[in-house]
Amino acid sequence: MTQNEMKQKVAEAALAYVEAGTIVGVGTGSTANMFIDALATKKNDIIGAVASSEATAQRLKGHGIPVLDLNEALKQVASLSVYIDGADEFDGKKNLTKGGGGALTREKIVAAASDKFICIVDETKRVDHLGAFPLPIEVIPMACELVIGIAKKNGGEPKVRAGFTTDNGNIIIDVHGLKITDPRALEDELNSVPGVVTNGIFSHQGANVVLMGTPDGVITIE
């Protein structure tokens, strides 16, 4: 089974967590795109979806799935029923690194507004410690050098993502070479730096359930 086939299996498996009559949060990236394609088969059962990026919103609309602004959605419901998204890596405690596609801030907001976060990945994303994938940090441009300096003090090798601007109009600094043994502490430390919008560690908004695609099928990690 190829990596794309494993992604397809977990995307389809995530449909089991979509409840009729609810609003669904939807993430960004290749696996999330496969979920959106699968969600089209249930579009008449749900009120609509909240997108974590402009690209996701366009794909949802392309399938005729109503896209709601998060603020408007939360006026209708107390919270989104579920948030479904991929990850760049995850550890044994379901902490995640996200933001390879640059949508980490909106992803974290939608995850925080949801009752449950279902993370859909293939088995290549499982790691013992976060850090194998460069850690993205969304930064207001004025704070670029400040954040670079702090990332270096933490033992990382920060690089500004060339030619990239987030949907929020900011830059991304990718920090290479980290071995993250305490994800929550590092998430809090980086988020306390003035000018950091958020970073790609999802510990506070970690997954409730990870659906992991393998050559033998989908494994549910709760």
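As a reminder, the structure under discussion sits directly above these lines.
Criteria and thresholds
- Residues numbered from 1 in each chain as written.
- Predicted model: local features only at pLDDT ≥ 70, side-chain atom pairs only at ≥ 80, totals over all residues.
- Heavy atoms only, no water.
- Phe/Tyr/Trp six-rings, centres within 6.5 Å; stacked < 30°, edge-to-face > 60°.
- Helix = DSSP H or I, 4+ residues; strand = E, 2+ residues; numbered from the N terminus.
- Lys NZ or Arg CZ within 6 Å of the ring centre and 35° of its normal.
- Axes fitted to C-alpha atoms, helices over the stretch in contact; angles between N-to-C directions.
- Parallel < 35°, antiparallel > 145°, perpendicular 65-115°, else oblique.
- Left-handed = near helix turned anticlockwise from the far one by under 90°.
- Contact = heavy atoms within 4.5 Å.
- Nonpolar A, V, L, I, M, F, W, Y, C, P; charged D, E, K, R; others polar.
- Buried < 20%, exposed > 50% of the residue type's maximum accessible area, 1.4 Å probe, protein only.
- Arc of directions from axis to C-beta.
- Pairing = 2+ DSSP bridges.

### Some words on the packing of aromatic side chains
Think of a pair of aromatic rings as described by two things: how far the centres are apart, and how the planes are tilted against each other in angle. Summed over all chains, the structure comprises one aromatic pair. Each ring, one from Tyr-83 and one from Phe-117, has its centre 5.0 Å from the other, and the planes form 50 degrees; the classification is tilted. Pair noted here: Tyr-83 is in strand S3 (residues 82-85) and Phe-117 is in strand S6 (residues 117-122), with a separation of 34 residues, a long-range link. Over the face of the ring belonging to Phe-202 we find Lys-98, whose NZ or CZ atom lies 5.5 Å from the ring centre. Here Lys-108 stacks its cationic end above the ring of Phe-202, 4.9 Å away from the centre of that ring.

### Points about the packing of helix H2 (residues 30-39) against helix H3 (residues 54-62)
In the contact formed by H2 and H3, the axes pass within 9 Å of each other and the chain directions differ by 25 degrees. Between H2 and H3, the angle falls in the class roughly parallel. For H2 against H3, the interelement crossing comes out right-handed. Between H2, through Asn-33, Ile-36, Asp-37 and Leu-39, and H3, the contact on the second element is made entirely by Thr-56, Arg-59 and Leu-60. A breakdown of the residues in the contact of H2 with H3 according to their chemical character gives three nonpolar, two polar and two charged.

### With respect to the packing of helix H1 (residues 3-13) against H2
Where H1 meets H2, the axes come as close as 8 Å, and the angle between the chain directions of the two elements is 50 degrees. As the angle between them shows, H1 and H2 are arranged oblique. For H1 against H2, the interelement crossing comes out right-handed. Packed against H1, whose contacting residues are Asn-4, Lys-7, Gln-8, Val-10 and Ala-11, the element H2 presents Ser-30, Thr-31, Met-34, Phe-35 and Ala-38 at the interface.

### Here's the deal with H1
For H1, the set of buried residues is Met-6, Lys-7, Val-10 and Ala-11. Buried residues along H1 cover an arc of 140 degrees about the axis, so they all sit on one side.

### Quick notes on the sheet that holds S3
Hydrogen bonding along the main chain pairs the strands of a sheet, whether they run parallel or antiparallel. Read from one edge of the open sheet, six strands run S2-S1-S3-S6-S12-S13, paired in mixed fashion. Each edge of the open sheet is held by one strand with a lone partner, namely strand S2 (48-51) and strand S13 (217-221). For this sheet, the mean angle separating the axes of adjacent strands, direction not counted, is 25 degrees. In this sheet, S3 lies alongside strand S1 (residues 23-26) in parallel orientation, the contact comprising three bridges. By the bridge assignment, Val-24 is partnered in S3 with Val-82. Where H2 meets the sheet, its contacts fall on S1, S3 and S6, and the angle it forms with S1 comes to roughly 155 degrees.

### Digging into the sheet that holds strand S9 (residues 171-176)
Across the sheet, four strands lie side by side as S8-S9-S7-S10; this open sheet has antiparallel pairing. Strand pairing shows two members of the sheet lacking a second neighbour, strand S8 (157-160) and strand S10 (196-199), which therefore form its edges. Shown here is a sheet whose adjacent strand axes are inclined to one another by a mean of 25 degrees, direction ignored. Here four bridges tie S8 to S9, and the two strands are oriented antiparallel to one another. Paired with Val-160 across the bridge in S9 is Ile-173.

### Focus: the pairing of S9
Counting buried positions along S9 yields five of six residues, so the element is predominantly enclosed. As paired elements, strand S7 (residues 135-139) and S9 share five bridges and run antiparallel to each other. Bridge pairing in S9 places Pro-136 opposite Asp-174.

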